[in-house]
Amino acid sequence: MWEQRLIETSRGMFEIFVKGSGSPLCVTHLYSEFNSNGNTVANPFTEYHTVYLVNLRGAGQSAPSLTEHDLNMRESVKDLEAIREVLHHEKWAFAGHSTGGMLALVYAILAEQSLTKVISGGAAASNEYMRHKGSIYCKDNENNERIREIMQQLNDSQMPLEERRKLNREWTEMSIFYKDRYDEYFNRPNSGKVVSDRLNYYSYVELKNYDLRTQLPEITVPTYIYCGLYDTQCPYDFSREMAELIPNAKLFTFDESNHYPFVEEEEKFAEFVKATL
């Protein structure tokens, strides 16, 4: 289990979960809420790092948002910086998957002086992935109509937990390479419940203007990009683009994975984590 901590910062109180030993590394996702079960993205890093799994503003017991714009990536970086300072780390690493990987890029652009390295997986540097037919979020994708229905239903705070779990499973099954291995992949302690307010802000406000491509060449901190070759959320093309635009970035490809290589190719992902040291 992960150790829960509530820490007071200059930007309010934040809930974090800590596990592992070694140099500090922060992990979070833009619209997920974590608990002491930890997270399957963060777990492999605990072998080499003291990992801080962060509930961002509005998630778990972390400070609420005062305005909707408190939920954007830029403000989230400011919150993470306030957490880092209270933890007395001059620098730390940051790892994020999917929109957490997008946040990793924003962090590197805004405050790379605070980072030892950045790890970004299954992500994209612009909203162009929404127009890629290979993405379930593209209106031309065969699964798009259903994913829209699922996201809308998950917005219902009164939805019974069992029904919510079924919808989340359906969403996830669209994003794994071997769909019949779902139970094998996800039958383990994990957390990462969707925070509707944060998801809605990202989807309907921030995503409209999301495009970091002209700023990526400015990143000089060591950067590791990874992606499943068959990713149906942020297709592989966008990870390759990120790696090409960031000087000296390294791209790691998972040939039998969709959006979740850390469970779909667990042993290979462990090798990837070791390669980032």
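Higher on the page you've got the structure.
These lines cover the structure that appears in this document, whether it is placed above or below. Residue indices begin from 1 for each chain and proceed along its sequence in written order. In keeping with the predicted nature of the model, local features appear solely for residues at pLDDT of at least 70, side-chain atom pairs appear and are counted solely at 80 or more, and the whole-chain, interface and lining totals rest on all residues. The side-chain figures draw on all heavy atoms in the structure; neither hydrogens nor water molecules are used.

The next point concerns the packing of aromatic side chains. For Phe, Tyr and Trp, rings pair up if their centres lie within 6.5 Å, where Trp contributes its six-membered ring, and each pair is then called stacked (planes under 30 degrees apart), edge-to-face (over 60) or tilted (otherwise). Under the counting rule described, the total for this entry stands at 19 aromatic pairs. Ring geometry for Tyr-226 against Phe-272: centres 5.1 Å apart, planes inclined by 55 degrees, an arrangement best described as tilted. Of this pair, Tyr-226 sits in strand S9 (residues 223-228) while Phe-272 sits in helix H9 (residues 266-275), and the two are 46 residues apart along the sequence. When accessible area is computed with a 1.4 Å probe and restricted to protein chains, residues below 20% of their type maximum are described as buried, those above 50% as exposed, and intermediate ones as partly exposed. In this structure Tyr-226 comes out as buried when scored by relative accessible area, which is 1%. In this structure Phe-272 comes out as buried when scored by relative accessible area, which is 2%. Counting every residue linked through ring pairs, the aromatic cluster contains Phe-45, Tyr-182, Tyr-185, Phe-186, Tyr-226, Phe-252, Phe-254, Tyr-260, Phe-262, Phe-269 and Phe-272. Working definition: helices are DSSP H or I runs of at least four residues, strands are E runs of at least two. Numbering for both runs from the N terminus.

Once that is clear, we can look at the pairing of strand S1 (residues 3-9). Only when DSSP finds a minimum of two bridges between them are two strands counted as paired. Bridging between S1 and strand S2 (residues 12-20) involves 7 bridges; their strand directions are antiparallel. Residue pairing for S2: Arg-5 is matched across the bridge by Ile-16. Two successive antiparallel strands, S1 and S2, enclose a turn made up of 2 residues.

Among the structural elements, Ser-239 can be located in helix H7 (residues 236-245). Residue contacts are defined here by distance: any two heavy atoms, one from each residue, within 4.5 Å place the two residues in contact. Once you skip the residues sitting within four places of it in the chain, Ser-239 turns out to touch Gly-122, Ala-123, Ile-225, Tyr-226, Cys-227 and Leu-251.

Interaxial angles span 0 to 180 degrees and are taken between N-to-C directions of axes, which are lines fitted to C-alpha atoms, for helices over the stretch in contact. Two numbers describe how helix H1 (residues 73-86) lies on helix H2 (residues 99-111): the axes approach to 9 Å, and their chain directions differ by 70 degrees. The angle between the axes of H1 and H2 places the two elements in the roughly perpendicular class. Residues Met-73, Arg-74, Ser-76, Val-77, Leu-80, Glu-81 and Arg-84 of H1 touch H2, and the partners they reach there are Met-102, Leu-103, Val-106, Tyr-107, Leu-110 and Ala-111. The class makeup of the residues in the contact of H1 with H2 is 9 nonpolar, 1 polar and 3 charged. With respect to orientation, any angle under 35 degrees is reported as roughly parallel, any angle over 145 as roughly antiparallel, any angle of 65 to 115 as roughly perpendicular, and every other angle as oblique. Here the nonpolar group is Ala, Val, Leu, Ile, Met, Phe, Trp, Tyr, Cys and Pro; Asp, Glu, Lys and Arg are the charged ones; every other residue, Gly included, is treated as polar.

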